[in-house]
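Single-letter residue listing:
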Amino acid sequence: MPFHFDNWLIYFYFYCICGWIFESGYVSIRTHKLTNRGFMKGPWLPLYGSGAVIILVATLRFQEYPIAVYFAGAVAATVLEYFTGVMMVKLFKVRYWDYSEQRLQFQGHICLLSSIAWGFLSLLMVYVVHKPVVKFVSMWNEEFLSISTFIITILMVFDFTNAFREAMDLRALIIQAEELKQRLDNALAEQREHFNEVVGEKKEELEQVVEETREQIIEKKKHLEQAVVERREKIVEWREEASDGRKEHLKQTIKELELARERIRSNMEQHSRQLLLHNPGSGFRGMKEESMEIKRRLMERRRKRDGR
């Protein structure tokens, strides 16, 4: 069924308003407060109107084949969603939706679950929603529709102009914020580099000090070990000298004792000879026998003296 441009414009506005009612109502119920969804301030969402028109243009020629309607609508709506998301990010530096958390997604602009939903929405649009909408629009007077379409066009253009200007201002602020963030990141990177350099220099200085201290400790240890070895050698030398002195002293003492023994022996022999001279009958029987004999005679004399 062919439609003129005026018809498509009316359908576009109709689905813009219906989409705004649906999404704003859904979000308001979820958040428990009135929420105006969309890029513009008025009660319309151009994405819904564009999506509905794109789906209808892509699927109405296949309306006798539901499977073709499903896939044609899913592909057309997904392509529209992707390019709209890309343009919004490039123009305004803002994402109005993001599928990054979905498993099967592409750049956060589209995802498999959304494409599947677009296919079912295409079936709903072609076989359920759009036919009553066509009948509803055809009931109105053409002049009223023309005036309403003109008024809505003026309002939407004005609203879009203001929204576009605000979005561009927001884009400028976002760019300034990104530049400021970049400068801060660069400054932080420079400070980090400087800090790393200072830390590296201090680390090298500390390692050098530690190395010098370690070398000093090793040197002192060597000196201490050398001093201990020298002290031990001196102690051993003193002990050897003391031992040699004691040995010499002992030898000297033994020598003196031997000389004393020789003198005693010589004296005793001399005394024995004198005794023999006074006692010619006694024989020389040696020092030991002579000593025993002298002792015996002395004992006899003492007994005689005591007996008197």
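The structure presented is a predicted model; accordingly, all values stated were derived computationally and were not measured.

Novice: Quick question: what am I supposed to make of the overall build of the chain here?
Specialist: Helix and strand content of the chain: six helices and two strands. The order of α-helices and β-strands along the chain, N terminus first, is α-α-α-β-β-α-α-α. For the chain, contacts bridging at least 24 residues in sequence account for 62% of all contacts bridging at least 6.

Novice: Where do I start with the packing of aromatic side chains in this structure?
Specialist: Geometry of an aromatic ring pair is reported as the spacing of the ring centres plus the angle between the planes. Inspection of the entire model under this criterion finds 11 aromatic pairs. Here Phe 14 and Phe 136 contribute two aromatic rings whose centre-to-centre distance is 6.3 Å and whose plane-to-plane angle is 45°, an arrangement assigned as tilted. One end of the pair, Phe 14, is in helix H1 (residues 5–31); the other, Phe 136, is in helix H4 (residues 112–138), and 122 residues separate them in sequence. Note on Phe 136: relative accessible area 39%, which makes it partly exposed. Seen from their ring centres, Tyr 82 and Phe 106 are 5.7 Å apart, and the 40° between their planes marks the pair as tilted.

Novice: Could you clarify how one ought to interpret the confidence of the model for the chain in this entry?
Specialist: As a note on interpretation, predicted positions should not be read in detail where pLDDT is low. Of all residues in the chain, 81% have pLDDT values of 70 or greater, and the mean over the chain is 77. Averaged pLDDT values over the elements of the chain bottom out at 70 in helix H6 (residues 287–307) and peak at 88 in strand E2 (residues 110–111).

Novice: For this particular structure, what's the right way to read H4?
Specialist: Because an α-helix completes one turn every 3.6 residues, residues spaced three or four positions apart along the sequence face the same direction. With 27 residues, H4 should cover 39 Å at 1.5 Å per step; its first-to-last C-alpha distance of 36 Å lies within 8% of that length. Of all the bends found along H4, the most pronounced is centred on Met 125 and spans about 50°. Those residues of H4 that sit buried are Ser 114, Ser 115, Trp 118, Gly 119, Ser 122, Met 125, Val 126, His 130, Val 133, Val 134 and Val 137.

Novice: Teacher, can you tell me more about H1 here?
Specialist: Look at H1: 38 Å from first C-alpha to last across 27 residues, which is about the 39 Å you get at 1.5 Å a residue. Among all positions in H1, only Trp 8, Ile 10, Tyr 11, Phe 12, Tyr 13, Tyr 15, Cys 16, Gly 19, Glu 23, Ser 24, Val 27 and Ser 28 are buried. A positive backbone phi angle near 60° is found at His 32, which sits one or two residues after H1.

Novice: Please explain a nonpolar patch on the surface as it appears in this structure.
Specialist: Taken together, the side chains of Ile 147, Phe 150, Ile 151, Ile 154 and Leu 155 present a nonpolar region at the surface, about 480 Å² in accessible area. With respect to the secondary-structure elements, Leu 155 resides in helix H5 (residues 142–278). Given a relative accessible area of 44%, Leu 155 falls into the partly exposed group.

Novice: Can you help me understand the packing of helix H3 (residues 66–92) against H4 in this one?
Specialist: Relative placement of two packed helices is described by the angle separating their axes and the distance separating the axes. Remark: H3 packs on H4, axes separated minimally by 7 Å, with the N-to-C direction vectors making an angle of 125°. Considering their axes alone, H3 and H4 lie oblique with respect to each other. In this structure, H3 meets H4 at a crossing whose hand is right-handed. Judged by residue contacts, Pro 66, Val 69, Tyr 70, Gly 73, Ala 74, Ala 77, Thr 78 and Glu 81 of H3 engage Ser 114, Ser 115, Ile 116, Trp 118, Gly 119, Phe 120, Ser 122, Leu 123, Val 126 and Tyr 127 from H4. Classifying every residue of the contact of H3 with H4 by side-chain character gives 11 nonpolar, six polar and one charged.

Novice: For this particular structure, what's the right way to read a negative patch on the surface?
Specialist: Taken together, the side chains of Glu 190, Glu 193, Glu 197, Glu 201, Glu 204, Glu 205 and Glu 207 present a region of like negative charge at the surface. Along the chain, Glu 204 turns up in helix H5. Overall, Glu 204 belongs to the exposed group, its relative accessible area being 55%.

Novice: Looking at this structure, I do not really get the nonpolar core. What am I missing?
Specialist: Considering soluble globular proteins, one finds that nonpolar side chains tend to be buried as a cluster. Within the largest apolar cluster, 22 residues are counted, with the highest numbers of intra-cluster contacts made by Trp 8, Tyr 11, Phe 12, Tyr 15, Leu 56, Val 137 and Met 156. Among the secondary structure elements, those contributing two or more residues to this core are H1, helix H2 (46–59), H4 and H5. With seven residues, the top contributor of residues to this core is H1.

Novice: Even after reading the chapter, I still don't get unusual backbone geometry, so can you show me in this structure?
Specialist: Trans is the prevailing form of peptide bonds, just as negative phi is the prevailing case for residues other than glycine. Backbone geometry places His 32, a non-glycine residue, at a positive phi of 60°. By secondary structure assignment, the location of His 32 is in the loop between H1 and H2. The class of His 32 is exposed, set by a relative accessible area of 72%. At Gln 107, a residue that is not glycine, the phi angle is positive and equals roughly 60°. Looking at the secondary structure, you find Gln 107 in the loop between strand E1 (105–106) and E2. By relative accessible area, which is 42% here, Gln 107 ends up partly exposed.

Novice: What is the right way to read the side chain of Thr 149 from this model?
Specialist: Following the sequence through the fold, Thr 149 ends up in helix H5. At 2.6 Å, the side chain of Thr 149 and the backbone oxygen of Leu 145 are in polar contact. When sequence neighbours within four positions are dropped, the list of residues in contact with Thr 149 reads Leu 9, Ile 10 and Tyr 13.

Calculation rules
- Residues numbered from 1 in each chain as written.
- Predicted model: local features only at pLDDT ≥ 70, side-chain atom pairs only at ≥ 80, totals over all residues.
- Heavy atoms only, no water.
- Helix = DSSP H or I, 4+ residues; strand = E, 2+ residues; numbered from the N terminus.
- Contact = heavy atoms within 4.5 Å.
- Phe/Tyr/Trp six-rings, centres within 6.5 Å; stacked < 30°, edge-to-face > 60°.
- Buried < 20%, exposed > 50% of the residue type's maximum accessible area, 1.4 Å probe, protein only.
- pLDDT = per-residue confidence, 0-100.
- Expected span 1.5 Å × (residues − 1).
- Bend = angle between axes of the 7 residues up to and from the residue.
- Patch = residues over 30% accessible without salt bridge, like charges linked within 9 Å, V, L, I, M, F, W, Y side chains within 5 Å.
- Areas by Shrake-Rupley, 256 points an atom, 1.4 Å probe, with all protein chains shown as cover.
- Salt bridge = Lys/Arg side-chain N within 4 Å of Asp/Glu carboxyl O.
- Axes fitted to C-alpha atoms, helices over the stretch in contact; angles between N-to-C directions.
- Parallel < 35°, antiparallel > 145°, perpendicular 65-115°, else oblique.
- Left-handed = near helix turned anticlockwise from the far one by under 90°.
- Nonpolar A, V, L, I, M, F, W, Y, C, P; charged D, E, K, R; others polar.
- Lys, Arg positive; Asp, Glu negative; His and termini not counted.
- Charge placed at Lys NZ, Arg CZ, Asp CG, Glu CD.
- Core = buried A, V, L, I, M, F, W, Y, C linked by side-chain atoms within 4.5 Å.
- Polar contact = N/O pair within 3.5 Å; in protein donor to acceptor, adjacent residues only side chain to side chain.

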